[in-house]
Amino acid sequence: MTDQDERFAAELMHLADRIQPDANFKASLEQHLRVSHSTLTRSNEGQSKMTYRFSNLGRFIAAAAALLIVVTLTLAVPPLRSFAQEMLDLLFNRAASDNEVFETPVVVQLQTTPTVTFHEPRPALTVEQVEAQAGFDVLVPAYVPAGYELQDVYYDEGGKLVSQFYMRNGLGFNLVQMQAQSAEPLEVGASAEIIEVTIGDVVGQYVEGNWTVTSTRDGDTVTFAGQTWDSDFPFSQMRWQVGDSVFWLMTTLGQRSDLPLSEWEAMASSLQ
Amino acid sequence: MTIDPDAPLAHAARRDPDAFAELYRRHVDRVYRYLLSRVGHVQDAQDLTAQTFTAALEGIGHYNGQGVFAAWLLGIARRKAADFFRGSRSDLSLELVEDVLVDVSTAHIEDRLQMAEVVHAIRQLSPDRAEALALRVFGGLSAAEAGQVMGKGEDAINMLVHRAMRDLRERLVICEVES
């Protein structure tokens, strides 16, 4: 780079540094986001409770009764019991407590200049392309509730999993598929209610709630020291295993499903 | 493994408006600069910045910790800019750009390096060069980081930026002569 280039680059960087959004705009947008945050959280919680607890109570009871019979029969026969237990091992694990303390607390200084490492954005891929990346057959649901459309599908090499994201009216769910050898059970709080569900010929598990991080603030220093299970946290997830594949259907964090559990089961059962 | 300094805040931001506000304060300048350099219009950059953070708020639960938060946020901003260009505002004339940028603290900008001219010149670069330049200069990324965003090697980014700088300098000189 010549001296002229360097001077020009320096001038350009200097120019970029001086560009600031209008202070009033920044402040008003922050205020708007704060209000939206509260509204969005209340809206999601109210909507999900209404849908789940009232509209689908009958179907849920029927499904639960049917499941009880299936699970009872399965667990009563020793060879099947062993197989069934093995199939449940990669789903949810109940923690000893609802409160966990991080071995190493995470300390964050507020108002510091962020250190950013950018990752390449995922290109839009087809299921077939993702299947080629993953190296295993990727199943897609033959049935998806009306209005839901596939928005994104990708293979996560680190997690060795394929994620499909579907959305309708701003509400979405992820369908994750991973190989059993790459899967680990997901820990939930001691008080979490684990509901067993039927997916075709197998038994899966459904849980609502999530861990929330506990933090303390001292001036500009925030310390995240542990996490607490919150059964009311708007997040729904269901896991099941078919052969060598473990499937994980979940809402986006902060949202409960707008679908009854029977619809989740229908989608899961339609994978092909 | 490096812990993304935003990750705990992003987790807390699902329920805590203060945490989301802190994320907003950390990244709003970067997002705004990037968008302004892409669309060249203060009002549009503000609108797209608001749209970016609103979408981030609505989708904060979808951020699952894979990749750093800033990359996720800039990904939203890039999609918003792409949506913008699919609309009818992709053909701003230099005159219009100058008009709408008149309130961008021009007192701080030296002569021909006024933002209006720079944005106009950037828009005449090839897409790859413009993107590399925007990421490096206005997004404040290193060459390696910009390379990750664009799916190119560090050397390729350095070359793109070098050529973008050369083109930009020539175009700005031409602008000066013409004016």
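### What about helix 3 (residues 42-59) of chain B?
Given a rise of 1.5 Å per residue, 18 residues ought to cover 26 Å, and the 25 Å separating the end C-alpha atoms of helix 3 of chain B matches this to within 8%. Within helix 3 of chain B, the full set of buried residues consists of Val42(B), Asp44(B), Ala45(B), Gln46(B), Leu48(B), Thr49(B), Thr52(B), Phe53(B), Ala56(B), Leu57(B) and Gly59(B).

### Quick notes on the packing of aromatic side chains
Residue and element names in this part refer to chain A. In the structure shown here, the tally under the stated rule is 5 aromatic pairs over all chains. On the basis of an interplanar angle of 50 degrees and a centroid distance of 5.0 Å, the ring pair of tyrosine 148 and phenylalanine 173 is categorised as tilted. Here phenylalanine 173 lies in strand 5 (residues 171-179) and tyrosine 148 lies in the loop between helix 5 (127-134) and strand 3 (149-156), a separation of 25 residues in the sequence. Each member of the pair, tyrosine 148 together with phenylalanine 173, is buried. An aromatic cluster of at least three residues, connected via ring pairs, comprises Tyr148, Tyr166 and Phe173. It is arginine 239 that lies over the ring of phenylalanine 92; its NZ or CZ is 5.9 Å from the centre. Over the face of the ring belonging to tryptophan 248 we find arginine 239, whose NZ or CZ atom lies 4.9 Å from the ring centre.

### Observations concerning the packing of helix 2 (residues 17-39) of chain B against helix 4 (residues 69-86) of chain B
When two helices pack together, their arrangement is captured by the angle between the axes and the distance separating the axes. Residues and elements named next belong to chain B. The N-to-C vectors of helix 2 and helix 4 enclose an angle of 35 degrees; their axes lie 10 Å apart at closest approach. In terms of crossing hand, the pair formed by helix 2 and helix 4 is right-handed. Here Leu23, His27, Arg30, Val31, Tyr34, Leu35, Arg38 and Val39 of helix 2 lie close against helix 4, whose contacting residues are Phe69, Ala70, Leu73, Leu74, Ala77, Arg78, Ala81, Phe84 and Phe85. Each residue belonging to the contact of helix 2 with helix 4 can be placed in one class, and the counts come to 13 nonpolar, 1 polar and 3 charged.

Cut-offs and rules
- Residues numbered from 1 in each chain as written.
- Chains lettered and ligands numbered in written order.
- Predicted model: local features only at pLDDT ≥ 70, side-chain atom pairs only at ≥ 80, totals over all residues.
- Heavy atoms only, no water.
- Helix = DSSP H or I, 4+ residues; strand = E, 2+ residues; numbered from the N terminus.
- Expected span 1.5 Å × (residues − 1).
- Buried < 20%, exposed > 50% of the residue type's maximum accessible area, 1.4 Å probe, protein only.
- Phe/Tyr/Trp six-rings, centres within 6.5 Å; stacked < 30°, edge-to-face > 60°.
- Lys NZ or Arg CZ within 6 Å of the ring centre and 35° of its normal.
- Axes fitted to C-alpha atoms, helices over the stretch in contact; angles between N-to-C directions.
- Left-handed = near helix turned anticlockwise from the far one by under 90°.
- Contact = heavy atoms within 4.5 Å.
- Nonpolar A, V, L, I, M, F, W, Y, C, P; charged D, E, K, R; others polar.

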